Amino acid sequence: MKASTDMHMTDEPFRDSFNRQIDYLRISITDKCNLKCIYCMPEKGLKLFNQAEILTTDEIIRIVRIASKYGVRKVRLTGGEPLLREDIIHLISSIKTAGIQDLSMTTNGQRLAGMAGLLKKTGLDRVNISLDTLIAERYREMTRGGDIHRVWEAVSEAESAGLSPVKINMVPVRGVNDDEVSRFAALTLYKDVHIRFIEFMPVGKHSTWQPDAYLSKDEIMERVASVGKLVQLPFKGGGPSRNYRIEGAQGMIGFISPISDCFCGSCNRLRLTANGKLRPCLFSETSVDIKAHLRNGASDEELENLYRNAVLSKPARHALHEGSLLHPAMSPMSQIGG
Ligand code: SAM
Ligand code: SF4
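Participant: Explain the overall build of the protein residue by residue, including any values.
Facilitator: Across its full length, the protein holds ten helices and twelve strands. Taking 338 residues into account, the globule formula puts the C-alpha radius of gyration at 20 Å, and the protein, at 19 Å, falls close to it. Along the longest, intermediate and shortest principal axes, the C-alpha atoms of the protein span 55 × 45 × 40 Å. Counting over 338 residues, the protein shows a buried share of 56%. Here the contacts in the protein between residues at least 6 apart in sequence split such that 73% fall between residues at least 24 apart.

Quick look at the structure:
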């Protein structure tokens, strides 16, 4: 069914051309990062945006207001590392008051300790913290300089601050940290923590992705199942995560597997890149340059039009099955936000 392009007057999220309701916006608020994870950024040579290219807080808020008018109720702040942005507190409070019910953040946790309470008070609801290994030395190597102790401090402070449920994102890479999948799964046995195993994705020309380094959902699940019987939980919302619990465990385990278990049919999201492009699909370079119009004095009506066009240009599914996305034109994950 073709979605309507009439002015949007209801609270119902705007539907794309495949009748999927789009109620979730992921915003990369900076492409800068204080780490350089081996699967995300190269050690050197990645050209960052100039400050002038990055959306300002006022520009982000204007776009969020328009998205909110079209039924977006969930926003995630990501990056790069979102906590590097100096105006983060103002950004969070402004987004929260722009009609957004669920405001979350994905962070590497290096700067979260000491800020979690304030972020919660300002309007942040939840955090996902990326942690790919439980071994301090390996963490330093995988992130090219990160301190694992800060991540654990961040997890415990986020829990105390009520930024819950705190979810831990883990990307298994063969030969690097795949031997720790079952140890991560075992963390859920006695602790109410959400572990999310994310498939290593071939995104960006600098990516170290190789077919051999990638583990499919089946392979990850097999390792998790060595810890205990996996019980599937009911599918909720339009998110990509397929959720399970090990029988008797306190925490949950999610699998995000765009390659081996494509979830495009229930995709509910749009992305906004740090340099102001609305991106209908993570795995496609097609985008709508909303910043260019914004800075040329576009009216709200014109911006709404661009928003609708971005939603309506969402593809039915990603093209990962048609080949690699490691070509030179592909943006790095740190610009898109994952
Ligand atoms: N810097 C923050 C962090 O690391 O949590 C937010 C940005 S990061 C790009 C968002 C998520 O994307 C992280 O959980 C990270 O592990 C994941 N990610 C980055 N590159 C990836 C890749 N090639 N395949 C799968 N996940 C990736
Ligand atoms: Fe930075 Fe996050 Fe990418 Fe790691 S995954 S380099 S922390 S943006």
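There is more to say, and it comes next.
Participant: Which residues make up the site of ligand 2, and what are the values?
Facilitator: Neighbouring ligand 2 are the residues Cys33, Leu35, Lys36, Cys37, Cys40, Gly80 and Asn108. Of the residues that constitute the shell around ligand 2, the class distribution is four nonpolar, two polar and one charged.

Participant: Break down the environment of lysine 36 for me, citing the residues and quoting the values.
Facilitator: With respect to the element layout, lysine 36 can be found in the loop between β1 (24–28) and α1 (57–69). Along the backbone, lysine 36 and glycine 80 are 44 residues apart, and their C-alpha atoms lie at a distance of 9.5 Å. The residues touching lysine 36, leaving out its near neighbours within four places in the chain, are Met41, Pro42, Glu43, Met142, Thr143 and Arg144.

Participant: Which residues make up the site of ligand 1, and what values go with them?
Facilitator: Near ligand 1 there are 18 residues, and of these Tyr39, Gly80, Ser130, Asn169 and Met201 occur at the shortest range. At a separation of 3.2 Å, an oxygen atom of ligand 1 approaches a polar backbone atom of threonine 107. With respect to ligand 1, the side chain of serine 130 contributes an N or O atom lying 2.5 Å from an oxygen atom. When ligand 1 sits alone it has 550 Å² of accessible area, and the protein chains cover 95% of it.

Participant: Quick one: what's the story with the side chain of aspartate 132, residue by residue and with numbers?
Facilitator: Among the secondary structure elements, aspartate 132 is positioned in the loop between β4 (126–130) and α4 (136–143). Despite being buried, aspartate 132 has no salt bridge partner; arginine 138 is the closest side chain of opposite charge, sitting 11 Å away. Within the structure, the side chain of aspartate 132 is placed 2.8 Å from the backbone nitrogen of valine 171, a separation counted as a polar contact. In contact with aspartate 132, other than residues within four places in its own chain, are Tyr39, Met142, Asn169, Met170, Val171, Asn177 and Phe184.

Participant: Lay out the pattern of salt bridges in plain terms, naming residues and giving numbers.
Facilitator: All chains considered together, the criterion is met by 19 salt bridges. Ionic pairing is found between arginine 126 and aspartate 102, a salt bridge with its closest N-O pair at 2.7 Å. Here the residue arginine 126 occupies a position in strand β4, and aspartate 102 occupies one in strand β3 (residues 102–107), the gap between them amounting to 24 residues. One network of salt bridges, with partners in common, ties together Arg174, Asp178, Glu219 and Arg223.

Participant: I'd love a proper account of the packing of α1 against helix α9 (residues 300–312), names of residues and values included.
Facilitator: Geometry of a packed helix pair, given as the angle between the helix axes and the separation of the axes. At a minimum axis distance of 10 Å, the contact between α1 and α9 shows a crossing angle of 65°. It follows that α1 is roughly perpendicular to α9 by the angle criterion. The crossing of α1 and α9 is right-handed. Residue-level inspection shows Arg62, Ile66, Ala67 and Lys69 of α1 in contact with α9, the latter providing Asp300, Leu303, Glu304 and Tyr307. When the residues that make up the contact of α1 with α9 are grouped by side-chain class, the tally is four nonpolar, no polar and four charged.

Participant: Any chance you could break down the sheet that holds strand β5 (residues 167–170) for me, citing the residues and the numbers?
Facilitator: Strand order in this open sheet of twelve strands is β7-β8-β9-β6-β5-β4-β3-β2-β1-β10-β11-β12, and the pairing throughout is mixed. Two strands bound the open sheet, and with one partner strand each, they are β7 (230–232) and β12 (288–289). Where β4 lies against β5, three bridges are found, and the strand directions are parallel. The residue bridging asparagine 128 from the neighbouring strand is lysine 167, located in β5. Contacts from helix α5 (residues 148–161) reach β4 and β5, with the element oriented near 165° to β4. In the packing of helix α7 (residues 217–225) onto the sheet, contacts are made with β6 (194–198), β7, β8 (242–246) and β9 (252–256), and the angle to β9 comes to roughly 165°.

Participant: Account for the nonpolar core, naming residues and giving values.
Facilitator: Counting 97 residues, the largest nonpolar core has Leu25, Ile27, Leu77, Ile95, Phe197, Val224 and Tyr307 as the members making the most contacts within it. When neighbours within four sequence positions are excluded, phenylalanine 197 is seen to be in contact with Met170, Pro172, Val181, Phe184, Ala185, Ile220, Val224, Ile253, Gly254, Phe255 and Ile256.

Participant: Any details on the side chain of histidine 194? Residues and values, ideally.
Facilitator: Mapped onto the elements of the fold, histidine 194 is located in strand β6. Discounting residues that sit within four places of it in the chain, histidine 194 has contacts with Pro165, Val166, Lys167, Ile168 and Met252.

Participant: Describe the packing of α1 against helix α2 (residues 88–96), and please don't skip the residues or the numbers.
Facilitator: Look at α1 against α2: their axes get within 10 Å of each other, and the N-to-C directions meet at 20°. Classified by the angle between their axes, α1 and α2 sit roughly parallel to one another. Where α1 crosses over α2, the handedness of that crossing is right-handed. Judged by residue contacts, Thr57, Ile60, Ile61 and Val64 of α1 engage His90, Leu91, Ser94 and Ile95 from α2.

Participant: Give me the lowdown on helix α6 (residues 181–190), citing residues and values where you can.
Facilitator: Within α6 the residues assigned to the buried category are Val181, Phe184, Ala185 and Thr188. Buried residues of α6, viewed axially, fall in a sector of 100°; they line one side. Buried residues along α6 sit in contact with β5, β6, α7, β8 and β9.

Participant: Describe the environment of isoleucine 129, with residues and values.
Facilitator: Of note, isoleucine 129 is situated in strand β4. Taking the C-alpha atoms as reference points, isoleucine 129 and glycine 109, separated by 20 residues in sequence, lie 5.8 Å from one another.

Conventions we followed
- Numbering of residues starts from 1 in every chain and runs along the sequence as written.
- Labels follow written order: the first chain is A, the first ligand is 1, and so on.
- At least 70 in pLDDT is required for a residue's local features to be given in this predicted model, at least 80 for side-chain atom pairs to be given and counted, and no such filter applies to totals for whole chains, interfaces and linings, which use all residues.
- As a convention, hydrogens and water are excluded, and side-chain values are obtained from all of the structure's heavy atoms.
- Secondary structure elements are defined from DSSP: runs of H or I of at least 4 residues count as helices, runs of E of at least 2 residues count as strands, and each element is numbered from the N terminus.
- Based on C-alpha atoms, the radius of gyration is set beside the globule rule, defined as 2.2 Å times the residue count to the power 0.38.
- Burial here depends on accessible area, computed with a 1.4 Å probe over protein chains only, as a share of the maximum for the residue type. Under 20% is buried, over 50% is exposed, and the range in between is partly exposed.
- Residue contacts are defined here by distance: any two heavy atoms, one from each residue, within 4.5 Å place the two residues in contact.
- In these notes, residues near a molecule or strand are those with any non-hydrogen atom within 4 Å of it.
- Under this grouping Gly is polar, as are all residues other than the nonpolar Ala, Val, Leu, Ile, Met, Phe, Trp, Tyr, Cys and Pro and the charged Asp, Glu, Lys and Arg.
- Whenever a nitrogen or oxygen atom comes within 3.5 Å of another N or O atom, the pair is scored as a polar contact, on the condition that within protein one atom can donate a hydrogen and the other can accept it, and that pairs from neighbouring residues in sequence are kept only if both atoms are in side chains.
- The protein chains shown are the only cover counted for residues, whose accessible areas, like all others here, come from Shrake-Rupley with a 1.4 Å probe.
- Counting rule applied: Lys, Arg positive; Asp, Glu negative; His and chain ends not counted.
- Criterion for a salt bridge: a side-chain nitrogen of Lys or Arg within 4 Å of a carboxyl oxygen of Asp or Glu.
- Angular values range over 0 to 180 degrees, each being the angle between N-to-C directions of two axes fitted as lines to C-alpha atoms, with helices fitted over their stretch in contact.
- Orientation labels follow simple angle bins: below 35 degrees gives roughly parallel, above 145 gives roughly antiparallel, 65 to 115 gives roughly perpendicular, and whatever is left gives oblique.
- With the far helix as reference, a near helix turned anticlockwise by less than a right angle produces a left-handed crossing, and one turned clockwise produces a right-handed crossing.
- Note on pairing: DSSP must find at least two bridges between two strands before they are called paired.
- The set of buried Ala, Val, Leu, Ile, Met, Phe, Trp, Tyr and Cys residues whose side-chain atoms join them within 4.5 Å is what this entry labels a nonpolar core.
- This arc describes the spread of directions from the helix axis toward the C-beta atoms.

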